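This is what each chain is made of:
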Protein chains: 4
Amino acid sequence: MLEAPLYDCHRLHELAAEIILNVRELSAAGWTPATSSNFSCRLDDHHVAITVSGRDKGHLTEADIMVVDFDGKAVGSSYRPSAETPLHTHLYRRFVGIGCVLHTHSLTQTVASRLYADAGHVHLDSYELLKAFAGNSTHNMAIDVPVVSNTQDMPALAAQLDTLLDEQCMWGYLIEGHGLYAWGRDMIEARRHIEAFDFLLRCELELRRLK
Amino acid sequence: MLEAPLYDCHRLHELAAEIILNVRELSAAGWTPATSSNFSCRLDDHHVAITVSGRDKGHLTEADIMVVDFDGKAVGSSYRPSAETPLHTHLYRRFVGIGCVLHTHSLTQTVASRLYADAGHVHLDSYELLKAFAGNSTHNMAIDVPVVSNTQDMPALAAQLDTLLDEQCMWGYLIEGHGLYAWGRDMIEARRHIEAFDFLLRCELELRRLK
Amino acid sequence: MLEAPLYDCHRLHELAAEIILNVRELSAAGWTPATSSNFSCRLDDHHVAITVSGRDKGHLTEADIMVVDFDGKAVGSSYRPSAETPLHTHLYRRFVGIGCVLHTHSLTQTVASRLYADAGHVHLDSYELLKAFAGNSTHNMAIDVPVVSNTQDMPALAAQLDTLLDEQCMWGYLIEGHGLYAWGRDMIEARRHIEAFDFLLRCELELRRLK
Amino acid sequence: MLEAPLYDCHRLHELAAEIILNVRELSAAGWTPATSSNFSCRLDDHHVAITVSGRDKGHLTEADIMVVDFDGKAVGSSYRPSAETPLHTHLYRRFVGIGCVLHTHSLTQTVASRLYADAGHVHLDSYELLKAFAGNSTHNMAIDVPVVSNTQDMPALAAQLDTLLDEQCMWGYLIEGHGLYAWGRDMIEARRHIEAFDFLLRCELELRRLK
């Protein structure tokens with residue numbers, strides 16, 4: 001019996017470079033404190049390139065990127081993938097159009113996730129930057145960013161996420177006291193989405209302070 | 001019948017370099033989240049150099065700068081100019097003395113534009129930095145920065161702007177939930193104006209929090 | 001009679017490089033204003049590599065790192081160690097497992113230390129980032145970060161610290177109006193701890209503002 | 001009749017390099033918005049090296065540093081010195097021990113200067129960082145940072161300053177709606193003082209928000 005098909009090493013090399021460059025910028029912005037956060041790209045229909053657990057996200061090298069299959073198991077590596085790997089692979093399995101998943105812990109994301117946990121979502125309304133989300137061409141609309149409860153039980157978290165995805169088209173969600181997940185068809189789109197989420201959450205917190 | 005006169009390629013090259021350098025700095029300050037914002041310089045009496053729509057403003061290259069005529073139509077390029085191009089060309093057409101228009105989306109600009117939308121303007125009073133605006137030599141004065149309603153209908157936005165320009169000399173205005181437009185006779189002056197606007201708006205928000 | 005055993009110069013060289021690199025990053029984050037703050041690593045069972053008093057922490061070179069013994073006395077150097085050296089050596093003497101002590105003065109640390117001085121501690125609860133502290137594997141817990149009174153009397157400060165260490169396992173504490181001490185088995189762990197403390201203190205201050 | 005003695009060109013070259021390096025860092029911190037702020041060093045008993053008016057402080061070169069005499073008149077240069085030059089030369093004339101004067105416009109400085117204008121000073125009390133000011137060895141003290149009224153009449157501003165200097169030893173003061181002046185025996189000390197002022201003013205504003 002044969003193993004799962006091997007992945008394309010050249011493609012992994014390209015994706016690793018893209019992850020390293022983008023994560024360095026997110027880290028410089030202070031969104032990955034204390035070695036937290038994890039990042040991945042779809043490698044092919046069976047594999048994901050993802051950051052190794054516990055590495056300093058400000059100084060990633062190619063050795064900090066590993067391959068896992070869609071069950072979150074390490075492929076060709078003895079490193080331990082992040083405990084949150086199932087929250088990445090779950091998205092790649094469910095949506096063939098998702099090519100990149102970014103998870104960060106900015107101050108704004110953590111604070112907003114606690115402040116809006118009881119409401120269950122953050123309402124974003126009438127911002128020009130809502131046009132940054134794929135499929136949207138006007139500021140004249142609203143989205144609710146879900147806030148789910150935190151748990152170390154990953155299947156339970158994935159189940160919460162599944163319920164949300166059954167109900168709506170969405171590009172990201174908050175976990176209470178924890179941070180933000182955002183995604184897109186590739187790194188460029190996922191990066192645009194995560195920057196838009198963080199910016200709009202900051203606007204909401206500022207307006208709450210000032211009103 | 002001949003086409004409109006061609007532009008000076010060497011001058012375009014110079015302006016592109018100036019735009020790239022300055023936008024990189026504005027982007028590093030966090031004023032262009034999620035590929036938003038757009039920037040232009042007057043190329044000659046018929047043409048404008050402007051950023052191509054949707055590019056990452058933190059990593060602009062010369063290929064991200066295109067030429068449009070004063071009607072906002074692409075010249076010698078198949079790229080799509082920003083939907084907001086008419087807000088740039090409108091200013092170049094109306095004032096021969098305007099050489100540069102900068103449009104950004106900082107947190108402060110977005111938050112202030114929502115907070116002061118009902119009032120219709122932000123009042124700035126007695127700051128030394130008011131001297132940064134061309135033609136002003138004392139802190140002992142005041143300006144009102146207009147806040148106009150947001151819309152995806154550019155002619156409607158340009159008409160709002162025209163009404164404002166009929167009434168007063170001004171170096172910039174806010175669009176609600178969106179961001180700031182600022183301009184000057186060249187990049188250096190426009191840059192000084194946009195920095196002064198953002199700084200003074202931040203002061204106002206801080207004072208509002210603290211009083 | 002022989003002097004205390006000499007230290008390993010090669011090891012000092014390595015530790016100095018590690019201190020310089022990490023302190024430059026902490027300084028760039030604004031955590032060492034006005035030449036404040038000090039940093040050390042265990043060199044061996046008798047010696048500590050520590051920053052010389054009063055140097056600009058943003059531009060450290062190897063000449064800004066000196067050796068002291070566990071009594072805080074300079075070894076092979078005429079430089080003056082920081083007045084707070086006893087707060088470093090005290091930890092190395094008491095816990096053989098501590099390899100690095102970092103002391104910074106960020107805005108957040110200073111403000112939190114004043115705001116929670118009367119309470120005597122800052123309570124941190126249910127944050128995912130609590131997992132950044134060694135020995136902890138869940139967000140579902142709490143820690144109290146002690147706040148001790150400031151004094152220029154180092155033995156008195158060390159005595160306050162001893163009382164705290166008798167009562168609990170801890171990775172850091174605040175001094176009122178002053179800053180944060182944090183430590184770990186090596187630079188990597190101490191750095192992770194200090195970033196986690198600062199991030200969680202910022203979250204607490206933000207939530208206090210917003211609630 | 002001979003002119004005033006010429007200055008030492010080599011010393012000017014050294015001081016210019018020191019000013020350029022330090023101002024670039026202050027500018028990167030956002031303390032010199034919109035080409036504001038000015039900076040000087042004592043060149044000798046008759047001359048001062050000072051930044052030319054209106055230059056972008058983030059990109060200073062040696063051509064942006066000029067020489068003035070103690071009356072604020074340009075020496076060997078057709079550039080216009082800053083209108084605030086008398087506030088620098090006044091200090092060099094009065095105190096032979098002052099070697100460097102730094103004037104910046106950070107958000108914190110501007111906001112604090114307005115908020116505490118009626119009180120006439122900002123009270124700083126019991127901070128460890130008070131030890132950053134020359135001559136001070138304990139946190140267990142207080143200083144009042146004066147806030148003077150703004151005016152474009154420099155002799156009037158200098159007279160306000162003289163009255164303050166008659167009453168107390170001080171290392172800096174705020175001008176309402178404007179910014180901060182700080183000084184020291186050389187660039188290193190003046191830089192330490194200005195960083196300490198800005199940090200402590202930020203602490204005060206934060207505590208005011210949070211209490």
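Residues numbered from 1 in each chain as written. Chains lettered and ligands numbered in written order. Predicted model: local features only at pLDDT ≥ 70, side-chain atom pairs only at ≥ 80, totals over all residues. Heavy atoms only, no water.

S.K.: What should I look at first to understand the overall build of chain A in this one?
M.R.: Counting its regular elements, chain A contains five helices and eight strands. The linear arrangement of helices and strands in chain A, starting from the amino end, is α-β-β-β-α-β-α-β-β-α-β-β-α. Taken over the C-alpha trace, chain A has a radius of gyration of 17 Å; the compact-globule value for 211 residues is 17 Å, and the two agree within 12%. Principal-axis analysis of the C-alpha atoms places the extent of chain A at approximately 60 × 35 × 35 Å. Per-residue burial over chain A gives 59% buried out of 211 residues. (Helix = DSSP H or I, 4+ residues; strand = E, 2+ residues; numbered from the N terminus. Rg over C-alpha atoms; globule rule 2.2 N^0.38 Å. Buried < 20%, exposed > 50% of the residue type's maximum accessible area, 1.4 Å probe, protein only.)

S.K.: Is there a simple way to explain the relation of the copies chain B and chain A in this structure?
M.R.: With an RMSD of 0.0 Å, the operation that places chain B on chain A is a rotation of 90° combined with a shift of 0.0 Å along the axis. The two molecules are tied by a four-fold rotation axis, judged by turn and shift. Within chain B, Arg-209 of chain B has its C-alpha nearest the rotation axis, a separation of 5.2 Å. Interface overlap between copies is the fraction of interface residues in one copy that are interface residues in the other; for chain B against chain A it is only 5%, indicating separate surfaces. (Least-squares fit on C-alpha atoms with pLDDT ≥ 70 in both. Contact = heavy atoms within 4.5 Å.)

S.K.: Explain the interface of chain B and chain A here, please?
M.R.: Interface extent is often summarised as the accessible area lost during association of the parts. In this assembly, 21 residues from chain B lie in contact with 22 residues from chain A. Put simply, chain B and chain A have one salt bridge between them. The shortest N-O distance in the salt bridge between Glu-206 of chain A and Arg-209 of chain B comes to 2.2 Å. At the junction of chain B with chain A, the criterion picks out 10 residue pairs in polar contact (both at pLDDT 80 or more). (Salt bridge = Lys/Arg side-chain N within 4 Å of Asp/Glu carboxyl O. Polar contact = N/O pair within 3.5 Å; in protein donor to acceptor, adjacent residues only side chain to side chain.)

S.K.: Looking at this model, I keep getting lost on the nonpolar core. Mind explaining?
M.R.: A general feature of soluble globular proteins is that nonpolar side chains tend to end up buried together. By size, the foremost hydrophobic cluster in this structure holds 200 residues, and its most contacted members are Ile-19 of chain A, Ile-19 of chain B, Ile-19 of chain C together with Ile-19 of chain D. The contacts of Ile-19 of chain B, once residues within four sequence positions are left out, are Phe-39, Ser-40, Cys-41, Ala-49, Thr-51, Leu-60, Ile-65 and Met-187 of chain B. (Core = buried A, V, L, I, M, F, W, Y, C linked by side-chain atoms within 4.5 Å.)

S.K.: So what exactly am I meant to see when it comes to helix H4 (residues 154-167) of chain C here?
M.R.: The α-helix winds at 3.6 residues per turn, so residues separated by three or four positions along the chain end up facing the same way. Residues and elements named next belong to chain C. When the terminal C-alpha atoms of H4 are compared, their 20 Å separation across 14 residues agrees well with the 20 Å that a helix rising 1.5 Å per residue should span. Among the residues of H4, those classed as buried are Met-154, Leu-157, Ala-158, Leu-161, Leu-164 and Leu-165. Buried residues of H4 fall within an arc of 120° about the axis and therefore sit on the same side. Exposed side of H4, more than 90 degrees from the buried face: Pro-155, Asp-166 and Glu-167 are the residues found there. In the core, the buried residues of H4 are packed alongside helix H2 (85-94), strand S6 (142-148), strand S7 (172-175) and strand S8 (179-184). (Expected span 1.5 Å × (residues − 1). Arc of directions from axis to C-beta.)

S.K.: I would appreciate a short explanation of the packing of aromatic side chains in the present structure.
M.R.: Here the distance between the centres and the angle between the planes together describe a pair of aromatic rings. The final tally for this structure, using the stated rule, is 16 aromatic pairs over all chains. An aromatic cluster is defined as three or more aromatic residues linked by ring pairs; in this entry it consists of Tyr-173, Tyr-181 and Trp-183 of chain A. Seen from the ring of Tyr-116 of chain B, Arg-208 of chain B lies directly overhead, with NZ or CZ sitting 5.3 Å from the centre. For Arg-55 of chain C, the ring lying beneath its charged end belongs to Tyr-79 of chain C, and the centroid distance is 4.7 Å. (Phe/Tyr/Trp six-rings, centres within 6.5 Å; stacked < 30°, edge-to-face > 60°. Lys NZ or Arg CZ within 6 Å of the ring centre and 35° of its normal.)

S.K.: Looking at this structure, I do not really get the side chain of Ser-82 of chain B. What am I missing?
M.R.: All names here are of chain B. With respect to the secondary-structure elements, Ser-82 resides in the loop between strand S3 (65-69) and helix H2 (85-94). Polar side-chain contacts of Ser-82 include one of 3.1 Å to the side chain of Asn-38. At a separation of 3.0 Å, a polar atom in the side chain of Ser-82 contacts the main-chain amide nitrogen of Glu-84. Those residues in contact with Ser-82, other than ones at most four positions away along the chain, are Asn-38, Thr-51 and Ser-53.

S.K.: Explanation requested: unusual backbone geometry in the structure shown.
M.R.: Trans peptide bonds make up most of the peptide bonds, and negative phi angles are found at most residues other than glycine. All names here are of chain C. One non-glycine residue, Ala-34, lies in positive phi territory at about 60°. Structurally, the position occupied by Ala-34 is in the loop between helix H1 (9-28) and strand S1 (38-42). Here Ala-34 falls in the buried class, since its relative accessible area comes to 4%.

S.K.: Can you walk me through the relation of the copies chain C and chain A in this structure?
M.R.: The second copy of the chain is related to the first by a rotation about an axis and a shift along the axis. Of the transformation superimposing chain C on chain A, the axial component is 0.0 Å and the angular component is 90°, with the fit at an RMSD of 0.0 Å. When the interface residues of chain C are mapped onto chain A, a mere 5% of them again lie at the interface, so each copy presents a different face.

S.K.: How do you make sense of the pairing of strand S4 (residues 100-104) of chain D when you look at a structure like this?
M.R.: Along any regular strand, the residues point their side chains to alternate faces of the sheet. Residues and elements named next belong to chain D. The buried fraction of S4 amounts to five of the five residues, a majority that puts the element mostly inside the structure. Burial along S4 is two-sided: Cys-100, Leu-102 and Thr-104 facing one way and Val-101 and His-103 facing the other are all buried. Across four bridges, the pairing between strand S1 (residues 38-42) and S4 is antiparallel. Following the sheet pairing, Asn-38 is matched in S4 by His-103. Alignment of S4 against strand S8 (residues 179-184), held across five bridges, turns out to be antiparallel. Paired with Leu-102 across the bridge in S8 is Ala-182. (Pairing = 2+ DSSP bridges.)

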